[in-house]
Amino acid sequence: MVHQVLFIVFGLICVAGAINLLAQRHPINSALSLIVVMAALSLIYLLLGAEFVAAIQVIVYAGAIMVLFVFVIMLLNAGAEERTRGSRIALFVGVPGVVVLAGTVGWLLVSGSGKLGGVTIASSDFGETHNIARLLFRDFLLPFEITSVLILIAIMGAVVLGKREN
Amino acid sequence: MTKNLNLWVIPLLPLIGAAINGLLGRRFKNAMVSAVALLFTAASFGWAAWAVWTVWPGSGIALPHIETLATWITAGTFSAPFGFYLDQLSMIMVLIVTGVGFLIHIYSVGYMAHEGGYYRFFAYLNLFMFFMLTLVLANNYLLMFVGWEGVGLASYLLIGFFFLKDSAADAGKKAFIVNRIGDFAFLIGMFLIIQHFGSLNYDAVFGKIAEGHFTPEAGWGLFTAIALCLMFGATGKSAQVPLYVWLPDAMEGPTPVSALIHAATMVTAGIYMIARSHAIFNLAPHALQIVAIIGCITTIFAATMGLAQTDIKRVLAYSTVSQLGYMFLACGVAAYSAGIFHLMTHAFFKALLFLGAGSVIHAVGGEQDMRRMGGLRKLIPWTFWVVTIATIAIAGIPPFAGFFSKDEILGAVFHSPYGGPVIWAIGVLTAGLTSFYMFRLWFMTFFGELKLGGVDVGEEAHSAHAPAQAAHGAASHSHGHADDEAHGHGGVHESPWIMLAPLVILAVLSVVGGWVGVPQFMRGHNEIEHFLAPVMESPAVAGEQPAPTVRVLDTTNAPEEKPTNEEWLLADTSVAAALIGLFFAYLFYYKRPELPERITSKMHGIYTMVLHKYYVDEGYGALLVKPLLALSTVVLWRGVDQGVIDGLVNGAGTASQGVGNELRRMQSGNIRSYAAWVAIGGAAIVGYMIWLGVTR
Amino acid sequence: MVPLSWYLILSGILFSLGVLGFLLKRNIITIFMSIELMLNAVNLTFVTFANYWHTHPAVLANGDPVIPLSGQVFVFFVMVVAAAEAAVGLAIIISVYRTRETLNVDRVNLLKL
């Protein structure tokens, strides 16, 4: 019961943040809304017993990536969005399409919710760091190493692309 | 025994001459071009003469003499060879074609000396000889048809020789198209022959007929159909009613062309074809009747039109149509050898007449209207005398050539069941008319006072030298005729010897040419009929009786039974008609020249109709040509070609373009639309997976 | 006991909002943030199922058991990739801004037919 209430509260915060992201005109406001969403999501992860994931969500996503976003917004000093003639197709085709898709998926899920069962907060050692580490360095070692290479490439790419041409 | 005469050389030699002159002649001097042309024509004549002499009856070589060079077409059971056929009939034809052709080549050297396109003329002339020789020497209908079409082509090329003149180009097209109509019928006839005989070779077809599988009582049957088709083809080529309309317009071509093609040789191809197919015609009495009627209508019809013409060449053109009608009539009463006899004498005197007219035109510097000539007798005496001989010959006055051949025909017509006294009377009347208009021409041209304009003729004449200026020169002549002759030396002068020599030779032939056909009641031996008799009987299996009701006058036996008084009476009547015509011409055009004016003004309506050739051309134009043009323009051109075909092709292009244009919108450069397409694609895939999940 | 479908619906809503933002917004950076929102939605799904398989063990088609925690490990990788992508993407955005002087995505439309 408590879980459901908590879930609903945080879920509403998420959705509100997301809608605000869409509604704001200035990108900085959108960025801050996104940070709110991420924070709320982190709390939901805690509800799901994923402590490690919740932590790195805040540290990496909200603390690093979104900070990077905010830096770039401030660097470029982009102003509020102007109203220009945009793509009509995106409006008339994309929006209904997305709504339909979401609605379909949602309906399916609701209608099948009896069969799916429920989710509870797991036992406390479920999402512990050492369990994840065991998995990461044993079963998923190769992808782990490759992601480090990926980060290296991303660093190089960012440096190259960000250089000013003179 | 047989001997290989290499008959294929005879047509080939002029072809080589045509090729040399046609391909290389542009760079030759005139002398070189004429040397090439004359050499090959003379060689062809020589070879033909040698071949004829070798197989002359009595030499021991069997006639018909057939040589096959190679097989041309083989299709199933049908095959057509390149084969050559020499019998008495083709002997006469080949000698006429090569001999008269050679004389006309000589004449042309002088006549065309100042014209542009000299090499082209001789190339076409030799090409014509090649096709004509193929036609007369072929041993099957298909090869004959090749020659048939080829002479039509050569005729088109030569009529439209001065191609920069609209009237000449149109005349060439008209000749070709009208001939094509006849050729279509000829083709149908050939298809019928293939269907029922399985072959187009003469010996195969005529041999099967001789074996007696067919009887003349078949009536409206297969043979009538074949015969009518062949006959219609002949009406096109030999300018009979209803397909004669091209021949008067063909006078747009140079005069030697008119002499060779439209008098002596090409137009006789139809007569030759009917004579060759006599076995088929003899089994189709109805068709023979129709041939006789058409020949009769044509002679009188054309003769009346010749009365009113004022252009010297047009008079001769209508005269040719009329004389061809006589030959057609002869074939229609199954007197084939009489028809061929007249063909031969006609070749001589008609070629002579045309060449003589050319000489006259050359002398007066390009004028062709007889009303502007006159009194030329003393100025061009040689031309005068040869034209006189020819005129007497065509009028049918003995002892010149035309009398014997015409009398032969008229006699046959009188006695034949297909002819009868009515048609005979029409024939005699036509003989009178022929004499009248020919002597009219004679008087108007050579007698009276000189009516020429004088010096200004030279100016216009000079300007007509090159075909490029022919249109300019033509504008100043009343009938718009081709100024195919212009020297403008200032004054009337006799033609050079190179033009006169062939005229003299032809004149001699016009005098003596008839003496090979003197009939028996005149105490002659009618050599030509006996000569042709083996051909005109069925190629008989020995002992076979020929069909009794026809060909009465082609055998050597029948004339004995006729009372000679009747023969003399008939002959005298035709001579009398000729003399009456001469008298009237003398009266109207020499003694009292004002009479024609008074008569034509009294009979104004009839005269106008005759002058405009009974409006036949206009009739054809309105009835056939205009609807066809309208059909072609509206239905075929705009409807089918532009609408359907262009529509399809262009439509395919436009459709591709349209589709491309629509698809191009996907590449708009706008990131959000790309995102939208991705979203849609993603949604579609998810939807599909859901559908799979739900329905499983 | 929260029904599984609720989490998935929330994830779906977040994802759809992310797609909508991607389609509707004109600022490149905002579009980029919508992409991050989508990634977050997916992360939520992974974590949800990690928990689910923990409480309802399942077996794959070939007999291997489903490792429950692999969902969270995968979230780890998603975040790494998102970080890399954000770095490079923002560098590109800076570069585009320098060239085109605008952050309006409709102006960046030179690659077209």
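This structure is a prediction, so every number in the text was calculated from the model and none was measured. (Residues numbered from 1 in each chain as written. Chains lettered and ligands numbered in written order. Predicted model: local features only at pLDDT ≥ 70, side-chain atom pairs only at ≥ 80, totals over all residues.)

Peer 1: Honestly, the overall build of chain B in this entry has me stumped. Any pointers?
Peer 2: If you tally the helices and strands in chain B, you get 27 helices and 2 strands. The buried share among the 696 residues of chain B stands at 52%. Sequence-distant contacts, at least 24 apart, represent 80% of the contacts inside chain B between residues at least 6 apart. (Helix = DSSP H or I, 4+ residues; strand = E, 2+ residues; numbered from the N terminus. Buried ≥ 20, exposed ≤ 12 C-beta atoms within 10 Å, placed from the backbone. Contact = placed C-beta atoms within 7 Å.)

Peer 1: Which parts of the structure should I look at to understand the overall build of chain C?
Peer 2: Tallying secondary structure elements over chain C gives 3 helices and 1 strand in all. In chain C, the succession of α and β elements from N to C terminus is β-α-α-α. When the 113 residues of chain C are sorted by exposure, 57% land in the buried category. Of all intrachain contacts in chain C linking residues separated by at least 6 positions in sequence, the fraction that spans at least 24 positions is 52%.

Peer 1: Would you mind going over helix 6 (residues 166-197) of chain B with me for this structure?
Peer 2: Residues and elements named next belong to chain B. Look at helix 6: 46 Å from first C-alpha to last across 32 residues, which is about the 46 Å you get at 1.5 Å a residue. Where helix 6 is buried, its residues meet helix 5 (141-159), helix 7 (202-210), helix 8 (222-237) and helix 9 (246-249). Positive backbone phi, at 80 degrees, marks G198, one or two positions downstream of helix 6. (Expected span 1.5 Å × (residues − 1).)

Peer 1: Can you walk me through the environment of P421(B) in this structure?
Peer 2: Residues and elements named next belong to chain B. Take P421: it is sitting in helix 18 (residues 421-446). A count of 10 C-beta atoms within 10 Å places P421 in the exposed class. Linking P421 and L410, residues 11 residues apart in sequence, is a C-alpha distance of 9.8 Å.

Peer 1: Would you explain the interface of chain A and chain C in this entry?
Peer 2: Reports often express the size of an interface as the amount of accessible area lost when the parts come together. In this assembly, 73 residues from chain A lie in contact with 64 residues from chain C. Looking at the side of chain A that touches chain C element by element, the count peaks at 12 residues for helix 3 (residues 51-76) of chain A. Grouping the amino acids of the side of chain A that touches chain C by side-chain chemistry returns 53 nonpolar, 19 polar and 1 charged. (Nonpolar A, V, L, I, M, F, W, Y, C, P; charged D, E, K, R; others polar.)

Peer 1: Is there a simple way to think about helix 25 (residues 604-611) of chain B in this case?
Peer 2: Residues spaced three or four apart along an α-helix face the same direction, because each turn holds 3.6 residues. With 0 of 8 residues buried, helix 25 of chain B lies mostly on the surface of the structure. K613(B) lies just past helix 25 of chain B and shows a positive phi near 55 degrees.

Peer 1: What should I look at first to understand the packing of helix 6 of chain B against helix 8 of chain B in this one?
Peer 2: Helices that pack against each other are described as a pair by the angle of their axes relative to one another and the distance between those axes. Residues and elements named next belong to chain B. Close contact between helix 6 and helix 8 brings their axes to 7 Å; oriented N to C, the two are set at 155 degrees. Accordingly, the angle class assigned to the pair helix 6 and helix 8 is roughly antiparallel. At the point where helix 6 passes helix 8, the crossing takes the left-handed sense. Side by side, helix 6 and helix 8 meet where V178, N179, I181, G182, D183, A185, F186, I188, G189, L192, I193 and H196 of the first sit next to L222, A225, I226, C229, L230, F232, G233, T235, G236 and K237 of the second. (Axes fitted to C-alpha atoms, helices over the stretch in contact; angles between N-to-C directions. Parallel < 35°, antiparallel > 145°, perpendicular 65-115°, else oblique. Left-handed = near helix turned anticlockwise from the far one by under 90°.)

Peer 1: Before we go on, may I ask you to explain the pairing of strand 1 (residues 65-75) of chain B in this structure?
Peer 2: Within a regular beta strand, the side chains point alternately toward one face of the sheet and then the other, so they alternate between its two faces. Residue and element names in this part refer to chain B. Relative to strand 2 (residues 78-86), strand 1 runs antiparallel, the two being bridged by 9 bridges. Of the residues in strand 2, the one forming a bridge with T71 is P81. Hairpin connection between strand 1 and strand 2: a loop of 2 residues separates the two successive antiparallel strands, and G76 in this loop has a positive phi of roughly 70 degrees. (Pairing = 2+ DSSP bridges.)

Peer 1: Help me understand the nonpolar core in this model?
Peer 2: Among soluble globular proteins, nonpolar side chains are generally buried collectively. Counting residues in hydrophobic clusters, the biggest one holds 215 residues, and the most contacted among them are F128(B), M132(B), L137(B), A330(B), A351(B), L352(B) and A390(B). Here this core spans two domains, and each of domain 1 (1-98 + 115-283) and domain 2 (297-452 + 492-611) of chain B adds at least three residues to it. Residues in contact with M132(B), not counting those within four places in the same chain, are V97(B), G147(B), V151(B), T265(B) and M266(B). With 81 residues, the next largest nonpolar core counts A18(A), V37(A), M66(A) and A86(C) among its residues. (Core = buried A, V, L, I, M, F, W, Y, C linked by C-beta atoms within 7 Å. Domains from an automatic or database assignment.)

Peer 1: Sorry, what's going on with the confidence of the model for chain C here?
Peer 2: A low pLDDT score tells you not to read the predicted coordinates there in detail. When pLDDT is averaged along chain C, the result is 89; 99% of the residues meet or exceed 70. For this predicted complex, the interface confidence comes out at an ipTM of 0.89, alongside a pTM of 0.68. (pLDDT = per-residue confidence, 0-100.)

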